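Secondary and tertiary structure notes
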Amino acid sequence: MTSTMIVLIVGIVVVLTAVYISWRAGRLDRLHIRLELAQESLDAALMRRRAVVLELAGSRLLDPATSLVLAAAAHEARSAGPDEREHAESDLSRTLRAVVDQERFREKLAESPGGRELLEELDAAVAKVVYSRRFYNNAVGVTRTAQRRWLARTLRLAGHTEYPQFFEIDDNPPAAMATE
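Here the structure is a predicted model, which means the values were calculated and not measured.

This next bit is on the overall build of the protein chain. Looking only at helices and strands, the protein chain has 7 helices and 0 strands in total. Put simply, the protein chain runs from its N terminus to its C terminus through helices and strands in the order α-α-α-α-α-α-α. In terms of overall dimensions, the protein chain is more spread out than a globule: its C-alpha atoms have a radius of gyration of 24 Å, far above the 16 Å expected for 180 residues. Over its C-alpha atoms, taken along the principal directions, the protein chain stretches across nearly 90 × 30 × 20 Å. Here the protein chain holds 180 residues, and the buried ones make up 38% of them.

Laid out in structure tokens, this is it:
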């Protein structure tokens, strides 16, 4: 009877351990899926911001120098490689701030035909980048914490996935956008 009880207890412990490990592996898998979706959302938000900036630059509503500076910054952000991407996106944010924070920029653009719609699109695109980056970095933090746990490291529950990296850019919106 004692040996039967010991076998039963060992069997229960093994089953509970297997269920727990399976649960942790499933959670880590869901976190990786969340991270991939957040990455796609961030990429889409950055692409949309570049598209709106290029549309604004090509709209003929701005002076040629401003249009050229915006178009160049958006092009650099679009064509940047993985190592230069954060820097190029930060440069686009700084260029956008410099342009939009000019005196009476918003008022002049809103008075132009089609300018108000462009401003609304730009406001939405800039806000979406801020929120998408925060969501992505939050997903990275949670995933990294789960990957650092001893069980995940010991049993290699994350497989051979790369350790996720934060996406750090200067995405502060122009002051004129933040006040409205």
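From this point, the discussion proceeds with the structure in view.
Quick look at the pattern of salt bridges now. Scanning the entire structure with this criterion turns up 10 salt bridges. Here E89 ties to R50 by a salt bridge, and the two come within 2.5 Å at their closest N and O atoms. Of this pair, E89 sits in helix α3 (residues 85-100) while R50 is found in helix α1 (residues 2-57), placing the two residues 39 residues apart along the sequence. One salt-bridge network, in which partners are shared between bridges, spans D91, R94, R97 and D170.

A grouping of M5, L8, I9, I12, V13 and L16 is seen on the molecular surface, where their side chains present a nonpolar patch of about 580 Å² in accessible area. Along the polypeptide, V13 turns up in helix α1.

Our focus in this paragraph is the environment of L68. Relative to the assigned elements, L68 resides in helix α2 (residues 64-79). Judged by its relative accessible area of 61%, L68 falls in the exposed class. With 64 residues separating them along the chain, L68 and S132 place their C-alpha atoms 27 Å apart.

By secondary structure assignment, the location of R106 is in helix α4 (residues 105-111). Residue class for R106 comes out buried when judged on its relative accessible area of 8%. In terms of polar contacts, R106 uses its side chain to reach the side chain of D123, at 2.8 Å.

The next thing to look at is unusual backbone geometry. With a phi close to 65 degrees, R60 is a non-glycine residue in the positive phi region. Along the chain, the position of R60 falls in the loop between α1 and α2. A positive phi angle, near 55 degrees, is found at R156, a position not held by glycine. Taking relative accessible area as the criterion, R156 reaches 51% and is therefore assigned exposed.

Definitions and limits used
- Residues numbered from 1 in each chain as written.
- Predicted model: local features only at pLDDT ≥ 70, side-chain atom pairs only at ≥ 80, totals over all residues.
- Heavy atoms only, no water.
- Helix = DSSP H or I, 4+ residues; strand = E, 2+ residues; numbered from the N terminus.
- Rg over C-alpha atoms; globule rule 2.2 N^0.38 Å.
- Buried < 20%, exposed > 50% of the residue type's maximum accessible area, 1.4 Å probe, protein only.
- Salt bridge = Lys/Arg side-chain N within 4 Å of Asp/Glu carboxyl O.
- Patch = residues over 30% accessible without salt bridge, like charges linked within 9 Å, V, L, I, M, F, W, Y side chains within 5 Å.
- Areas by Shrake-Rupley, 256 points an atom, 1.4 Å probe, with all protein chains shown as cover.
- Polar contact = N/O pair within 3.5 Å; in protein donor to acceptor, adjacent residues only side chain to side chain.

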